[in-house]
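# Residue-level structure breakdown
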Amino acid sequence: MSAGLRALTSRGRSFLASGIAALVMAVLLGENDLFRIGVLVTALPLLAAMVVARTRYRLSCARRLDPPRAEVGGEATVTLRLENVTRLPTGLLLIEDTVPYALGVRPRFVLDRVEPKGVREIDYRVRSDLRGKFAIGPLSIRIADPFGLVELTRSFTISDTLVVTPQVTALPHVRLSGEWSGGGESRTRSVAAAGDDDVAPREYRQGDDLRRVHWRSTARRGELMVRREEQQWQSRGALLLDTRRHAHRGEGPRSSFETAVSAAASIGVHLAREGLGLRLVTDQGTEHLADNSVSRSLLDTLAVVRHSPARSLEMGVSALRQGGGDGLIVAVVGALDPEEARELAKLRHSGITAVAVLLDLSTWEGSDRSTAEDFEAAQTILAGSGWRIVRLPAGVPISSVWREAANRGRYVLDPAGGAA
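Sequence order as written defines residue numbering, which begins from 1 separately in each chain. In keeping with the predicted nature of the model, local features appear solely for residues at pLDDT of at least 70, side-chain atom pairs appear and are counted solely at 80 or more, and the whole-chain, interface and lining totals rest on all residues. The basis for every side-chain value is the complete set of non-hydrogen atoms in the structure, without hydrogens or water.

## Side note on the environment of E251
- Mapped onto the fold, E251 is located in the loop between β14 (230-241) and α5 (256-273).
- Any residue under 20% of the maximum accessible area for its type is buried, any over 50% is exposed, and the rest in between are partly exposed; the area is computed with a 1.4 Å probe on protein chains only. Given a relative accessible area of 68%, E251 falls into the exposed group.
- The sequence separation of E251 and E365 amounts to 114 residues, and the corresponding C-alpha distance is 9.6 Å. Numbering goes from the N terminus for both helices and strands, where a helix is a DSSP run of H or I of at least four residues and a strand is a run of E of at least two.

This is how it looks when you write it as structure tokens:
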């Protein structure tokens, strides 16, 4: 009963106060009719509070996200499934799901009645312009009486997570020679010149050429064996993302930092789809990526990456150098001073293809003349060391400039004297 009284709405408190006032005035004035009205008005919210407080609805709740991962600016559908597992019908239910402010306002719904063993499904959409992992839930249910005098809130504990990943754009194919090194499953080389005894046979698979049947092994094993004429090679590469706060300009979705994250996501997914064994490195060091799903792990990591307080790329360059075995290095960087550019340039040597995606910070608000001068100096130093330069200005998608990665260390001055 005390819980029911605490759950009185403004209307319920007004009824209770009015009823008590009517009873007091009826006693003072000796009005029996007013006394009856006071009893009725006072009893109504008390009875409603007692009924609602004694209600023992048993409801089960499930939530489904479609899709569980959405790009920045994309929508996801949240489906709530409520089931009344008791033999009693419910009364009026006010349903509210907990949603972070980044996904919009909290959705609210009204269910008039759920029959015994009945099921209701409710859909609503969420959308975010910010990356991140957002918890949706728990769901709260307000049980109300038909007169709106009492509302009692009960909550579930279950919640789900929506992952909002950076925007990924499809990139054109660019030949990046030198990115393959031995040891895995992505690329092959022929070893047909090897002697017959040096070839390791394997079991016959449907579709294999019968001319590759290894009869000696077939006779020995008692099952059809074929020559393994290919040795697997592993493609390996590294993706460096500059997250230093002082190396970027602007705020919000249009900032150079968000542009860099989106570019890194697009490049990483593109290379992973082409069979590259990728590792992600930031100015804080190496980020762990799952081997079984590089693209998904990369996007999940980039969904929550934030600015770092680091002042230099020393840890990132060191992580790239210590990793070793990379045939391809792609660096997405913001502001670089000449000394940082020289340290980055040293990573490129014979057998390594190095691509520098340089954000032209002079095209973002808040930049000064020194920013443009450092940008040109960084281009000159990196291109002189054989790096391929991809210039990324504000408002330009990475897909529009990615073909510049095919230019092998060329550095050209435009007529105005700037770098091109």
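## Comments concerning the nonpolar core
- The nonpolar core is taken to be a set of buried Ala, Val, Leu, Ile, Met, Phe, Trp, Tyr and Cys residues, with the residues joined through side-chain atoms within 4.5 Å. Ranked by size, the top nonpolar core spans 38 residues in total, and within it I267, L302, V332, V357, I398 and W402 carry the most contacts.
- Elements represented by at least two residues in this core include exactly β14, α5, β15 (276-282), α6 (294-303), β17 (328-333), β18 (353-359), β19 (388-392) and α10 (398-401).
- The contact definition used throughout considers only heavy atoms, calling two residues in contact when any of these lie within 4.5 Å. Residue contacts for I267: discarding those within four places in its chain leaves L171, L239, V330, V332, V357, I398 and W402.
- Residues A49, L59, L65 and A102 belong to the second largest nonpolar core, which totals 34 residues.

## Considering the environment of I389
- Among the secondary structure elements, I389 is positioned in strand β19.
- The exposure class of I389 is buried, given its relative accessible area of 9%.
- The spatial distance from the C-alpha of I389 to the C-alpha of A378 is 9.9 Å, given a sequence separation of 11 residues.
- Other than its neighbours up to four places away in sequence, I389 contacts A356, L358, Q379, L382, A383 and E404.

## Some remarks on the packing of aromatic side chains
- Centre distance within 6.5 Å is the pairing criterion for rings of Phe, Tyr and Trp, where only the six-membered ring of Trp is used; planes under 30 degrees apart are then read as stacked, over 60 as edge-to-face, and the remainder as tilted. Applying the stated criterion across every chain yields a total of 1 aromatic pair.
- Taking 6.1 Å as the distance between ring centres and 40° as the angle between the ring planes, the aromatic pair formed by F109 and Y124 counts as tilted. With F109 in strand β5 (residues 108-111) and Y124 in strand β6 (residues 119-127), the pair connects residues that are 15 residues apart, well separated along the chain.
- A relative accessible area of 9% places Y124 in the buried class.

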